[in-house]
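# Working through the structure, step by step
Spelled out, the chains give:
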Amino acid sequence: MSIGDDLQRLRAQAVSQLDAAHDSAALAEWKGRYLGKQGELARLSRGLGALAPAERPAAGQQFNATRSALEEALAIAEQRVKHAAQHDAFEAEALDITLPGRQPALGRLHPSTQTLRSIAAVFGEMGFQIWESPEVETDAFNFGLLNMPADHPARDMWDTFYLDTPPGSERVLLRTHTSPGQIHAMRHHAPHPIRVILPGKCYRYEQITARHEMQFHQVEGLAVGERISLADLKGTLVGFARRLYGQAVRTRFRGSYFPFTEPSVEFDIECFLCGGDGCRVCKHSGWLEILGAGMVHPNVLRNGGYDPARVSGFAFGMGPERIAMLRYGIDDIRWFFSGDERFLQQFG
Amino acid sequence: MRVPLSWLNEYVTITLGVDELAERLTMAGLEVSAIERIGVAGAELPWARDTVLIGAILEVRPHPNADRLVLADVDYGAATPHTVVTGAPNLFAYRGLGRLAEPPKSVFAREGAELYDGHAAGRVKVRLRGRPVRGVMSDAMLCSEKELGLSDDHAGILFLPADAPVGMPLVDYLGETVIEIDVLPNTARALSIVGVAREVAALTGAAFRPPLPAVTAAGAPVDGRARVTVERPDLCPRFSLTLVEGVTIGPAPFWMQRRLTLAGMRPINNVVDISNYVMLELGQPSHTFDADRVADRHLIVRCADDGEQLTTLDGRTHALTPDRLLVCDPAGPLALAGVMGGASSEVSDSTTCLLVEAALWEPTTIRRTAAQLRLRSEASRRFERGIDPAAPPLAQCRLLELLAQYAGGTAAHGMIDLVAQPWQAPTIILTPTEVTRLLGITLTPAAIAGYLQPLGFGCTVGDDAVQVQVPSARHDVGLAADLCEEIARMVGFDHIPLTTLSDALPEQIANPVLELEQRTRDLLVGSGIDEAITYSLTSMAEVARLAPHQADAAGYLRLANPLSSEREYLRRSLLPTLLTALVQNMRERERTLLFEIGRVYLPRAGQTLPDEPRRLALALTGAREARSWHHAGDQALGFFDLKGIIEALLDRSNALGRARFVALRDDPRFHPGRAATLVIGAGADARTVGQFGELHPAVAERFDVPGSRILIAELELDAVIAATAPTRYRTISRVPATTQDLAVIISRDLPAEQVERTIRKYAGGMLESLTLFDVYQGPPLDVRQRSLAYRLAFRAPDRTLADADLANVRAKIIRGLAFDLQATIRA
Ligand SMILES: [Zn+2]
């Protein structure tokens, strides 16, 4: 029996035992048994001294080769065991990824606020800044200075909440539109040019129904300066419609009447619900009324402190609730001021 | 205004299809809101030309087998009459009379005709098929209005006038298209057929045929046989009167009744119908008095005396005041001028002699009277908007023409026509420059005139301007801007180009208040709170439910005309309406977090208008985290959740360092031990900015949610915004921080804020941050004690702190706590 044969046998036995080791404890035990100071390899090495000096180098090489082979086999086995353990751990830690996630608690902006912001963003890029004015107004600002003297038939267009004021004092009311802000803005800016939008709450003396609210928001727009024309009004509003409803939106302007603009127009967009074919929402016209507009009436310019012979201007007004109702398909305006979470949590 | 196209066609040739015509009118500002087709192609029930015809009923014979049916022999233009089996009750009177001398005309429908089922509820289409009825073949019928779709009347067959042409397709005789125009306050001209005709002519290029009534005034002169006195020429710019004698009251002709019905008015008798017909046609209301019931045939226009009374045609009696304008006779009031006639001088079946009034009234007077007495009428609607000053004599001529034809009257020669305020046609100089300035299009003077003339404007074209004469029918036009609107309507608004603003950009000004308001919304939304917007109007009951001490109506602005008692007062706080919304949500869900940013309305002594400051309100209830498989949802939102939101807001405004929270014990809205007042600033600048805390249980009971824990807050948003300080960058140190924990045992009543302040006082500049991480009461501490544990982080900008430095600071803090607060340190 040569040492070589012994090593051969040891190696075969060790490798086969290693294959049977399936955890780190078994590996440690195997390492002690074969590679440890008291292990099999060490035990065999003690036989080296008995060899003839000429045989020793060859035997030494065989010893080293065997040690390397066993160490390598151990390294591979350790990898194998580690992977197996990790695999088990992964299995154990596996999640049902179809369970609902942990959503951060995020609130939602009111749909009117969201719509107001979209409108303000578009006009902001065109240089229109936000200007705010009071909700409680005098009759003069809401009507008179807007070219509607007392008993003007156009006052029928706005059913008005009046405040209980002492007899003989000036009539005070809840503004029926944001247009009084035009006078405030003009008086503040005159004689300089103006480009503002005036968002805010308005009120109408109207029975509350699915389509009519006593309270709603409006966004008024006003541009006053030299050489402002109806063509500029058209360009501005078509630009706005494209931003809000897409590049391809079809629009139209048609004649209308507001006491504080001359000429006056209604601005319609093609009904996006029926593609212009006509449906219940567009009253089968194929068009949706989005806003009213016009060139600021010379009397209003004068009341604002401008010379209508020198400057001109345009104004427009729209309702964020109406825009939101069309955009989201909301069928009842009363939800807007209900504070009802079933409504609020649908938007944003 | 409902416009039957056959009527319109008398004054203009309609060259466009109905839809195209409606489109042109709509685009030009006369919005066509509906098109109604009756019998014609496109109608819901078209009357076929070959099967629905005018027939003459030659004879009505008994049915051989049925008492409730008759056989009618109908001539409908064919070689032989056709026998119809019918049960129409209004034919039974003719039964057995033999050959009728004046065969009544009706509508004959042959087999194949499509009609509505007369017996079905609603409108159900059926096709007429032949079938034997009680042994007699029935393959045709005489039609009721319901079967033709004219009305819901199925009481009998429709009789047509005696001159209706036998065999004519019904569609040629009664077929009609009616367009309905929404009349805006400035388009009074669209309140007459002739006014619409002029618009149509101008818009389509067709010729306008002005009305030219033919009058034969065969009677004796009116002068001396009737009198008019206008005491208030300021309120009655024009008053015209004619006298018609020998009239016979009866029904108006069929065609006139039909047109009135189509236009939305109810036929009454020939005289009333003619007056209404002329009003619809020319836009000038008129009034007919029974001349024999007018004392002295003397009409007097004056204001009412206090205490006078008048019973109007609708049977209501009005107590009059001096702001009511009347038409009277020497004996007393006869009519409310321009609004409604009186019962005493009403035309009756026995009337033979008429005084016909066509006047102009001052619009405001009419408007006030009609509105205050709730007597809005077709006449007042026209007077309010203003009437063509030239209309009264034209209307008189048309009235006399029709009265002569259809009421048998003889008109007295001449007309009383008192013109107190003659129409003066304004002249407007319009330059192409002005048109370009306002519309953005370039037109020559000739082109301008070309657009205005068809609308009736007189134009003198110069080299660089057009001199425009405004016709009386367009008294609404007074400025160059008005003419530009007319040009834009004629050009078509859609033909005006799109340009961008090219004037100087106004100075752009920062609006930090608005930006901070928006940021506040974003922060709250980021904190998981939904934005609500509630009503600005509330009631004292709603206010009292939250805060009885604030429900004093004297401090509130009140509506003079509230829609309901629930929305009567302008709110002074957002909380009552927001809390109502929160509680309503609690019926559906346990957890609701709402905020609102809006204005409140505070009356100011000596000022017409209130102050409208911005407020922020919060209302929260339910679990801190929504219940899910992640969270049991068993921890309720509490005071410190609300305080934390407010702290975060202040922190982001860099105002937390200047804020103080003061216990609020005596506000009945709040739990007395769980509420605070927020104060910002110190000393003379200190300002109370709001209150917040847990809702008082009594309030929850009043809101019908007893036992619910609800948190509410209201802050003066303007003050929070004003307290905002700019953010400053602090150099980030590369030196590591060192932390120390310190558990302080204090008397239980001592506010934590004082401990923190004391630590900061003694810690010096090296204290970078201080975090309270534990609050403990219980053994081994005395029951009157509690322990607050802080983690303190120290850092020097330039060096790592030595143990000795820290030991010094720590000792100093401990001594300070012991000295100031009698605190001890927990080992
Ligand atoms: Zn549609």
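Quantities reported herein were computed from a predicted structural model and do not represent experimental measurements. Positions within a chain are numbered from 1, following the residues in the order the chain's sequence is written. Throughout, the order in which chains and ligands are written sets their labels, letters from A for the former and numbers from 1 for the latter. In keeping with the model being predicted, local features are shown solely for residues with a pLDDT of at least 70 and side-chain atom pairs are shown and tallied solely at 80 or more, while totals for entire chains, interfaces and linings include all residues. To get the side-chain values, take all heavy atoms of the structure and skip hydrogens and water.

### A few points about the interface of chain A and chain B
Tallying the contact residues gives 95 residues for chain A and 88 residues for chain B. Around 7,700 Å² of area is buried between chain A and chain B when both sides are counted, 54% of it from carbon and sulfur atoms. Values labelled buried area give the accessible surface lost by two parts on being combined, using a 1.4 Å probe and summing over both. Contact with chain B buries surface across chain A, with Asp151, Arg195 and Glu341 of chain A losing the most and accounting together for 9% of the total. Throughout this description, the term salt bridge denotes a Lys or Arg side-chain nitrogen within 4 Å of a carboxyl oxygen of Asp or Glu. Connecting chain A to chain B are nine salt bridges. A salt bridge links Glu135 of chain A to Arg599 of chain B, with the shortest nitrogen-to-oxygen separation between them at 3.7 Å. Polar contact criterion, stated in full: a pair of N or O atoms within 3.5 Å, where within protein one must be able to donate a hydrogen and the other to accept it, and residues adjacent in sequence count only if both atoms are side-chain atoms. Where chain A touches chain B, the interface holds 46 residue pairs in polar contact (both at pLDDT 80 or more). The leading source of residues in the side of chain A that touches chain B is helix H8 (residues 230-245) of chain A, at seven residues. Taken together, the residues that form the side of chain A that touches chain B break down as 42 nonpolar, 26 polar and 27 charged. Any two residues having at least one pair of non-hydrogen atoms within 4.5 Å are treated as being in contact. Helix numbers and strand numbers start at the N terminus; a helix is a DSSP run of H or I with at least 4 residues, a strand a run of E with at least 2. Residue polarity follows a fixed list, in which Ala, Val, Leu, Ile, Met, Phe, Trp, Tyr, Cys and Pro are nonpolar, Asp, Glu, Lys and Arg are charged, and the others, Gly among them, are polar.

### Some points on the coordination of the zinc ion
Residues and elements named next belong to chain A. Counted as donors are N, O and S atoms no farther than 2.8 Å from the metal, or 3.2 Å for Na, K and Ca; water is not among the atoms, and sites may therefore look incomplete. Distances from the zinc ion to its protein donors, namely Cys271 (SG), Cys274 (SG), Cys279 (SG) and Cys282 (SG), fall within the range 2.2 to 2.3 Å. For the zinc ion, the four donor atoms are set out with angles of 101 to 114 degrees between them, so the coordination reads as tetrahedral. Here the donor residues for the zinc ion map to a single chain with the spacing C-x2-C-x4-C-x2-C. Here Cys271 and Cys274 have matching classes, each one buried. Geometry is assigned from donor-metal-donor angles: four donors are tetrahedral when every angle falls between 85 and 135 degrees, four are square planar and six octahedral when opposite donors sit over 155 degrees apart with all other angles between 65 and 115, and any other arrangement is irregular. Under the scheme applied here, a residue whose accessible area is under 20% of the maximum for its type counts as buried, over 50% as exposed, and between as partly exposed, the area being computed with a 1.4 Å probe on protein chains only.

### Observations regarding the nonpolar core
Here, nonpolar core means buried Ala, Val, Leu, Ile, Met, Phe, Trp, Tyr and Cys residues that are tied together by side-chain atoms lying within 4.5 Å of each other. In this structure, Phe316 of chain A together with Phe239 and Trp361 of chain B are the most contacted members of the largest nonpolar core, which totals 159 residues. In this structure, Phe239 of chain B is in contact with Val228, Val230, Leu299, Val301, Val327, Glu357, Ala358, Ala359, Trp361, Ile416, Asp417 and Leu418 of chain B, ignoring residues within four places of it in sequence. In this structure, Phe336 of chain A together with Ala547, Leu695 and Ile712 of chain B belong to the second largest nonpolar core, which totals 50 residues.

### Structural notes on the domain arrangement of chain B
As far as domains go, chain B holds domain 1 (2-39 + 177-204), domain 2 (52-174), domain 3 (227-419), domain 4 (427-495), domain 5 (512-722) and domain 6 (738-825). An automatic or database domain assignment supplies the start and end points of every domain. Once you take the C-alpha centre of each, domain 1 of chain B and domain 2 of chain B turn out to be 35 Å apart.

### What about the packing of helix H12 (residues 445-452) of chain B against helix H13 (residues 480-491) of chain B?
Residues and elements named next belong to chain B. Remark: H12 packs on H13, axes separated minimally by 9 Å, with the N-to-C direction vectors making an angle of 80 degrees. Between H12 and H13, the interaxial angle falls into the category roughly perpendicular. Residues Ile448, Tyr451 and Leu452 of H12 form the contact with H13, whose participating residues are Leu483, Glu486, Ile487, Met490 and Val491. When the residues that make up the contact of H12 with H13 are grouped by side-chain class, the tally is seven nonpolar, no polar and one charged. Axes here mean lines fitted to C-alpha atoms, for a helix over just the part in contact, with angles spanning 0 to 180 degrees between N-to-C directions. For classification purposes, an angle smaller than 35 degrees is called roughly parallel, one larger than 145 roughly antiparallel, one from 65 to 115 roughly perpendicular, and anything else oblique.

### Observations regarding the confidence of the model for chain B
For chain B, the average pLDDT comes to 93, and 100% of its residues sit at 70 or higher. Taken over the whole predicted complex, pTM reads 0.88, whereas the ipTM for its chain interfaces reads 0.89. A score from 0 to 100, pLDDT tells how confident the predictor is in each residue.

### Thoughts on the domain arrangement of chain A
Each domain of chain A was delimited in the assignment, giving domain 1 (3-93) and domain 2 (111-344). Of note, the centres of domain 1 of chain A and domain 2 of chain A, computed from C-alpha atoms alone, are 89 Å apart.

### Some words on empty space enclosed by the protein
Cavities and pockets were defined on a 1 Å grid built over protein atoms only: a cavity is a set of grid points that admits a 1.4 Å probe from which the probe cannot escape, a pocket is an open set flanked by protein on both sides within 12 Å along at least five of seven lines, and lining residues are those with an atom within 4 Å of any such point. Grid points are joined across faces, edges and corners, and a volume is the space filled by probe spheres set on the points. A full pass over the atoms with the stated rule returns four cavities of 30 Å³ or more. When its volume is computed, the largest cavity comes out at roughly 460 Å³. For the lining of the largest cavity, the secondary structure elements donating two or more residues are helix H5 (111-125), strand E4 (194-203) and strand E5 (215-225) of chain A together with helix H14 (512-526) and strand E32 (592-599) of chain B. When its residues are assigned to classes, the lining of the largest cavity shows nine nonpolar, five polar and nine charged.

### Points about the packing of aromatic side chains
Residues and elements named next belong to chain A. The pairing test for Phe, Tyr and Trp rings, Trp by its six-membered ring, is centres within 6.5 Å, and the orientation test on the planes gives stacked under 30 degrees, edge-to-face over 60, and tilted for anything in between. Scanning the model with the defined rule gives 28 aromatic pairs over all chains in all. With centroids separated by 5.9 Å and ring planes inclined at 40 degrees, the aromatic side chains of Trp158 and Phe260 adopt a geometry described as tilted. Residue Trp158 is located in the loop between helix H6 (139-142) and strand E3 (172-174), and its partner Phe260 is located in the loop between strand E6 (251-258) and strand E7 (261-270); the two are separated by 102 residues in the primary sequence. Its relative accessible area of 7% is what places Trp158 among the buried residues. Judged by centre distance (5.2 Å) and plane angle (65 degrees), the rings of Phe336 and Phe343 are edge-to-face. The same class applies to Phe336 and to Phe343, which are both buried.

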